[in-house]
Amino acid sequence: MLKKQIVIGSVLKPVDDIRHYHKLALSMTKTNKYGFNIIGFNSKNHSAHPDIIFIPLFHFKRISFGRLFAPLRFLLKLIKLKPEVIIVNTSELLPVSILYQIIFGTRVVYDIQENYQQNIKHLSPLPTFLKPLAAAWVRWIETICAPFVTHFMLAENSYTSLPFIGRRWTVLQNKALPLPAPIAKKANLNAPVFLVSGTLSLTYGIREAIEAFLKIHETIPGSQLHLCGKVPDKKSIQYVAETIRVHPSIMLTGGADGVPYETIQSAIAQADFGLVFYPDNPAINECFPTKVWEYMSYRLPMIIQEEKMWTNYCLEKKAAVIFKSGQASTGELSSLLNSTFYPATIDYNDIYWTTEEHKLTELVSTLMLGR
């Protein structure tokens, strides 16, 4: 029996994106009902799966002429694949997805992983004079397409306030993939390895994290910082390269092309502490960092900053301590790093993707029945 086909499409996410592949697609293949086609950015790292076809359709710079043709290429691929459900996370793929829906009667799901309007205003590398125009254009597309969208998937609770989604939404947070019973380990306090993983960019706090590490390194000369992930833009690449050149205690795994998710998992397992620092920015202030759940799943102690929306959650779980720039004396720092992390008395079940997986399965089942 032929399995019903689902297409997951993105212009800028790699085909083996953690959310698209490891969470959405792999979760749904467990039902043995669906086949997945993941259309996205070219990736050198993607693996194989009998029910998942990777289609690296796009390969261009974030701002480029080639990107103008991405929606047309996506539409042509949809016509060939004939999916029952289309899941897109890029606003520029919405109009062609809606067009396909009108002609062929499929279901369209908009997976909102970021507040794209805010991101363009506050995080985009676009010239300053273009940002308001691009932000308004994206919000206009989202608004005019919204009545045709079958359902909205939201990666953050804060996105429920978006003005165009109505009541057709399900929050699927980017929680951690389950692991075999993790055990809190004792950190090496003489030569601890600190980790920053994921997106290593200036807009996502790489400078703040490195500055915190350098303060720590002043009192623990044997400490090291491991940067593991993707450095997505020129300014961040220059900053990281210069920092590594000046400070031998900082090393990088990855770079412009990123790394396989398994490499990040290995880095988390080998680290002593995770550093979670972000700048004050309206585009990310209400976002819950995925790395927080990932570090918790490995019972990796975290050094974090104050007054973020996720700070209290980390403290309540006894997963982190707050580091202030003035806490650089040997006694204070030693006391901080020697704190008790991850006591057995605390329940950590809510940090895992399993809770979101059930919601996803029910949602897709409902969408299929609605055809």
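Presented here is an overview of the structure given in this document. (Residues numbered from 1 in each chain as written. Predicted model: local features only at pLDDT ≥ 70, side-chain atom pairs only at ≥ 80, totals over all residues. Heavy atoms only, no water.)

1. Concerning the nonpolar core
Operational definition: Working definition of a nonpolar core: buried Ala, Val, Leu, Ile, Met, Phe, Trp, Tyr and Cys residues. They are joined through side-chain atoms within 4.5 Å. For each residue, the accessible area found with a 1.4 Å probe, counting protein chains only, is set against the maximum for its type, and the residue is called buried under 20%, exposed over 50%, and partly exposed in between. In this description, contact between two residues means that some pair of their heavy atoms is separated by no more than 4.5 Å.
Grouped together as the largest cluster of nonpolar side chains are 57 residues, with contacts concentrated most on F194, L225, L227, L275, M296, M302 and I303. When residues no more than four places from it in sequence are discounted, the contact partners of F194 are F213, I216, S223, Q224, L225, H226, F273, L275, I303 and L337. Counting 36 residues, the second-largest nonpolar core is a separate cluster that includes L93, V96, I141 and F164.

2. Remarks on the pattern of salt bridges
Let me state the cut-off plainly: Here a salt bridge means any side-chain nitrogen of Lys or Arg lying within 4 Å of a carboxyl oxygen belonging to Asp or Glu. Note on conventions: DSSP H or I runs of at least 4 residues are helices, E runs of at least 2 residues are strands, and numbering of each starts at the N terminus.
Under the defined criterion, the tally for this structure stands at 10 salt bridges. E114 is paired through a salt bridge with K13; the nearest N and O atoms lie 3.9 Å apart. Of the two residues, E114 is situated in the loop between β5 (107-112) and α4 (116-122) and K13 in strand β1 (residues 4-14); the sequence distance between them amounts to 101 residues. The class for E114 is partly exposed, based on a relative accessible area of 24%. For the salt bridge of E356 with K359, the shortest nitrogen-to-oxygen distance reads 3.2 Å. Taken together, the positions of E356 and K359, both in helix α12 (residues 354-369) and 3 residues apart, correspond to about one turn of that helix. The class of E356 is buried, set by a relative accessible area of 3%. K359 sits in the partly exposed class, given a relative accessible area of 32%.

3. Things to note about the pairing of strand β6 (residues 151-154)
Quick note on the threshold: Two strands pair if DSSP finds at least two bridges between them.
Side chains H151 and M153 of β6 all project onto a buried face; the interleaved residues F152 and L154 project onto the opposite face, where all are buried too. Pairing of β5 with β6, which is carried by 4 bridges, proceeds in the parallel orientation. Note on β6: the bridge partner recorded for I112 is L154. Pairing of β6 with strand β7 (residues 169-171) involves 3 bridges; the strand directions are parallel. Each residue of the ladder has a partner; that of L154, found in β7, is V171.

4. Brief notes about the sheet that holds strand β10 (residues 250-255)
Test applied: Whenever a helix is involved, its axis is fitted only over the stretch in contact; in every case the axis is a line through C-alpha atoms, and angles between N-to-C directions fall within 0 to 180 degrees.
Spatially, 6 strands are ordered β10-β9-β8-β11-β12-β13 in an open sheet, and the strand pairing comes out parallel. In the strand order of this sheet, the two ends are held by β10 and β13 (320-322), each with one partner. Ignoring strand direction, the axes of neighbouring strands in this sheet form an average angle of 25°. Bridging between strand β8 (residues 193-199) and strand β9 (residues 224-230) involves 7 bridges; their strand directions are parallel.

5. A few points about the packing of aromatic side chains
How we decide: Two aromatic rings from Phe, Tyr or Trp, using only the six-membered ring of Trp, form a pair when their centres are within 6.5 Å; if the ring planes differ by under 30 degrees the pair is stacked, by over 60 it is edge-to-face, and anything between is tilted. Our definition puts a charge over a ring when NZ of Lys or CZ of Arg is within 6 Å of the ring centre and also within 35 degrees of the ring normal.
Considering all chains together, one arrives at 13 aromatic pairs under this definition. Where Y100 meets F104, the ring centres are 4.5 Å apart and the plane angle is 35°; that geometry is what we call tilted. Within this pair, Y100 and its partner F104 are both found in helix α3 (residues 94-104), separated by 4 residues, close to a single helical turn. Given the relative accessible area of 4%, Y100 is considered buried. Here the aromatic cluster, defined as three or more aromatic residues joined through ring pairs, consists of Y110, Y116, F152 and F164. Lying over the aromatic face of Y239, R207 brings its terminal NZ or CZ to 4.8 Å of the ring centre. When the ring centre of Y348 is taken as reference, the NZ or CZ atom of R299 above it lies at 4.5 Å.

6. Focus on the environment of N89
Rules: Any pair of nitrogen or oxygen atoms within 3.5 Å is treated as a polar contact; in protein, a donor-acceptor pairing is required on top of that, and neighbouring residues in sequence qualify only through side-chain atoms on both sides.
The topology assignment puts N89 in the loop between β4 (85-88) and α3. Residue classification places N89 among the buried residues on the basis of a relative accessible area of 3%. C-alpha of N89 to C-alpha of L154: the two residues are 65 residues apart in sequence and 10.0 Å apart in space. N89 has contacts with G9, S10, K13, H20, Y110, D111, Q113 and Y116, leaving out every residue within four places of it along the chain. A polar contact is formed between the side chain of N89 and the side chain of S10, at a distance of 2.7 Å.

7. Concerning helix α8 (residues 261-270)
Each α-helix turn comprises 3.6 residues. Residues three or four places apart therefore point the same way. Our working rule: Directions are taken from the helix axis to each C-beta atom, and the arc is the one they span.
When we look at burial in α8, the residues that qualify are Y261, I264, A267 and I268. All buried residues of α8 lie within an arc of 120° about the axis, which places them on one face of the element. Looking at the buried side of α8, the elements it contacts are α1 (18-29), β8, β9 and α9 (290-297).

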